[in-house]
Amino acid sequence: MTAAIKDAAHVVDVASVMGLLPARPRLLALGEPTHGEDVLLELRNELFRQLVEREGYRTIAIESDCMMGLVVDDYVTSGTGTLDEAMERGFSHGFGASAANRELVRWMRAYNNGRPASERLRFAGFDGPLEITAAASPRQALTALHAYLTARVDADLLPCTAETLDRLLGADDRWANPAAMMDPSESVGQTPEAEQLRLLADDLVALLDTQTPHLIAASSRDGWDRARLYGRTAIGLLRYHFWMADTSPSRMAGLLGARASMMAANLLAIAERGPALVHANNGHLQRDKSSMRMGDLPLEWWSAGAIVSAQLGEEYAFMATALGTIRHRGVETPPPDTIEGLLYALPEDRYVVDARQLSEILRDVTPPPRESPWYGYSPLDPAHLASSDAIVFVKDVPEGQMWWPVA
């Protein structure tokens, strides 16, 4: 079996990856099983460079706040601000502290310097403005959309004034109250003001759509695209806050689904610009239905990758990353009968493996799922193997700077 598995394993480069796919995907998704390990981001960076230089890819999208990502995009495309400012203000989830993310942004800016706009690299966050403990106020997205329309359409077409939005939004800390994550009664997501804001957000997005020819001519395609991002984010945040105020057993599944929907909508918009590399946790990008338990409550939802794959077909490809060890976090050598253990027995440090070929090799074997002693690492689910296009395997993750919260 080891020899057959070795035949399915290839050097990790873009030529090997593209050789495993039926066609060049519009979205090439690279998952990771844990956050905070720069060796995985360095591998991602190298693949992105090769995709840029050999395959004409021009965008990278990562699991970070889509609104904050605009700061990084402005820096890499036009040099707005400084590298330090882009790292501090352009990433959520603590990702701006990563040396590998900093190197990615630095390289993208250097690549773009002196190039025409049509050849420049673009950066995008595709997550919503969400953290584990709270969700942002919809103020930034709603007011930015309103301001864009106010400057370009007749005032009598607008459904409200800026003052009305400000009054309905109230103080931002009401929306970002961390107590609301565990206590629906602390959420403002189903107040009369929030309900009115959802209607107004819908009307603003409808106006953006109906005025598309005029708005693109009056601003630019990029300006209109950014306004669409404001609209998606405003509607998504208001929906997320609605579920935060929900008291039914469906509350957590609703929140997870709302986040996945926001991610998917952003990825589909990114795909419209041309081919992009997408990087996030494996669970956000997989094609299979996601599941988890919260106490005695089983939860299921479709991930962003599953939603996007259903719409794009072969224009979406998914590579899951698997790891052998993360010894500094208590993840030791994998049991030899697990998928990770079988790959760990191969001699080289990293591979890209044909997932469907590996699934066929293991057709008469049922590898047990690997158990992780650390909550921050998610092993491969053997049941998901055949629905992946490839597995990127990294044998050992060395200890480095701890930039992602582990507590």
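Parameters at a glance
Just so you know, the residues in each chain are numbered from 1, in the order the chain's sequence is written. In view of the model being predicted, local features appear only for residues whose pLDDT reaches at least 70, and side-chain atom pairs are presented and counted only at 80 or more, with totals across whole chains, interfaces and linings using the full set of residues. For side-chain calculations, the full set of non-hydrogen atoms in the structure is used, while hydrogens and water are omitted. Note on exposure labels: buried denotes an accessible area under 20% of the residue type's maximum, exposed denotes more than 50%, and partly exposed covers the range between, all computed with a 1.4 Å probe on protein chains only. Helix numbers and strand numbers start at the N terminus; a helix is a DSSP run of H or I with at least 4 residues, a strand a run of E with at least 2. Only strands joined by at least two bridges in the DSSP assignment are considered to pair. Salt bridge, as applied in this entry: a Lys or Arg side-chain nitrogen positioned within 4 Å of an Asp or Glu carboxyl oxygen. Nonpolar cores are built from buried Ala, Val, Leu, Ile, Met, Phe, Trp, Tyr and Cys residues. Side-chain atoms within 4.5 Å join them into one set. Here, residues are in contact when the closest pair of their heavy atoms is within 4.5 Å. Counted as positive: Lys and Arg. Counted as negative: Asp and Glu. His and the chain ends are not counted at all. Interaxial angle, 0 to 180 degrees, is taken between N-to-C directions of lines fitted to C-alpha atoms, where a helix line uses only the stretch in contact.

Now, about the pairing of strand β3 (residues 59-65): what can you tell me, with residues and values included?
With seven of seven residues buried, β3 is to be regarded as a mostly interior element. Here β3 pairs with strand β4 (residues 122-127) via five bridges, running parallel. Its bridge partner lying in β4, T59 is registered against R122. Bridging between β3 and strand β5 (residues 276-281) involves four bridges; their strand directions are parallel. Looking across to β5, one finds that I60 is bridged to L277.

I'd like a rundown of the pattern of salt bridges, residues and numbers included.
The tally for this structure, following the rule as stated, stands at 23 salt bridges. Note that D127 is salt-bridged to R259, the shortest N-O span being 2.6 Å. Separated by 132 residues along the polypeptide, D127 in strand β4 and R259 in helix α13 (residues 251-273) bring together distant segments of the chain. Here R259 falls in the partly exposed class, since its relative accessible area comes to 22%. We note a salt bridge from E272 to R228, for which the minimum N-O separation is 3.0 Å. A residue pair is termed long-range when its members are at least 10 positions apart, and E272 in helix α13 and R228 in helix α12 (residues 221-244) qualify at 44 residues. The exposure class of E272 is partly exposed, given its relative accessible area of 47%. Via salt bridges that share partners, D73, D74, R122, D222 and R226 belong to a single interconnected network.

Account for the nonpolar core, naming residues and giving values.
Grouped together as the largest cluster of nonpolar side chains are 46 residues, with contacts concentrated most on L28, F48, I60, F91, V105, M108 and F123. When residues in this core are grouped by element, the largest group, seven residues, is from helix α3 (residues 38-55). In this view, F48 contacts T59, I60, L104, W107, M108, L121 and L277; residues no more than four positions away in its chain are not counted. Residues A8, L27, A355 and L358 belong to the second largest nonpolar core, which totals 38 residues.

Before we move on, could you go through the side chain of R44 and cite the residues and values that matter?
Tracing the chain through its elements places R44 in helix α3. With no salt bridge to any partner, buried R44 finds its closest opposite charge in E32, at an N-O distance of 6.8 Å. If we ignore the near neighbours within four places in the chain, the residues touching R44 are L30, I60, I62, A100, N101, L104, L277 and H279.

Before we move on, can you summarise the sheet that holds β3 with the specific residues and values?
Reading across the sheet, the eight strands line up as β1-β9-β10-β8-β2-β5-β3-β4 and stay open at both edges, with mixed pairing between neighbours. Each having just a single partner strand, β1 (9-10) and β4 make up the two edges of the open sheet. Contacts from helix α15 (residues 304-312) reach β2 (27-32) and β8 (316-325), with the element oriented near 145° to β8.

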